[in-house]
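Each chain, written out:
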Amino acid sequence: AGIKALGASLPGVVARPDDMDARGEALFGAYMSGQSILAGVCLHHAAAHVLGGSFGIPHAIAHTLALPHTIAYNRDSIPAAMAVLTGALDCDDGPQGLFDLSKRLGIDMALASHGFDRSMIDKAVSILMDHPFPNPKPLERNALAGMFENMIDGKRPD
């Protein structure tokens, strides 16, 4: 419900900041999305906190940039969630739908534009690997490095 509300409302909020209906729907989406943290966190939350806590990437940007890529990382391990995501965003691929929505909202999705470069990848991956957390798919060093490579360049998740 949160993703569906945000996906539907945010373009209207950006296009018409005074649209109180769109803002209300976005607020509902933010609330519902915030409630999801009660179920626990995994790679997305960990990656965003590594970006912010260790590399100074602003909190909201870290989460925005990490979300499509971390969901893509877990895609094959969460088919039911992928079906819900693609339905909520009315798209063929959930991670790509999230990425595309962010781009439509005018967000620069290249992590390099926000102060993170290739020299930081090994440290970021090591932090993730050294601090275990629950995740639907086991963490793999090379796959995580590839995820950060794609984020640096602002590539759409594959």
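Quick caveat: nothing in here was measured; it's all calculated off a predicted structure. One numbering rule holds for all chains: residues counted from 1, following each sequence as written. It should be noted that, the model being predicted, local features are given only for residues of pLDDT at least 70 and side-chain atom pairs only at 80 or more, the latter also being counted only at that level, while totals for whole chains, interfaces and linings use all residues. Hydrogen atoms and water are omitted, and side-chain values are computed over all heavy atoms in the structure.

Enquirer: Explain the environment of N135 to me, please; I cannot follow it from the model alone.
Expert: To qualify as a helix, a DSSP run of H or I must reach at least 4 residues; to qualify as a strand, a run of E must reach at least 2; elements of each kind are numbered from the N terminus. Structurally, the position occupied by N135 is in the loop between α7 (121-130) and α8 (141-153). Throughout this description, buried means an accessible area under 20% of the type-specific maximum (1.4 Å probe, protein chains only), exposed means over 50%, and partly exposed covers the range between. N135 sits in the buried class, given a relative accessible area of 19%. Note: C-alpha distance between N135 and M120 (15 residues apart in sequence) is 23 Å. Should any heavy atoms of two residues lie within 4.5 Å, those residues are considered in contact. Residues within four places of N135 in sequence aside, it is in contact with C42, L43, Y73 and N74.

Enquirer: Would you mind showing me how to read the packing of aromatic side chains here?
Expert: Any pair of aromatic rings gets described here by the distance separating the centres and the angle formed by the planes. Note on aromatic contacts: the rings of Phe and Tyr and the six-membered ring of Trp form a pair at centre separations within 6.5 Å, being stacked when their planes are under 30 degrees apart, edge-to-face when over 60 apart, and tilted otherwise. Overall, the coordinates contain two aromatic pairs when judged by the stated rule. Taken together, a centroid distance of 5.0 Å and an interplanar angle of 80° make the contact between F55 and F116 edge-to-face. Here F116 lies in the loop between α6 (94-104) and α7 and F55 lies in helix α3 (residues 43-55), a separation of 61 residues in the sequence. Judged by relative accessible area, which is 15%, F55 ranks as buried. Since its relative accessible area comes to 1%, F116 is described here as buried.

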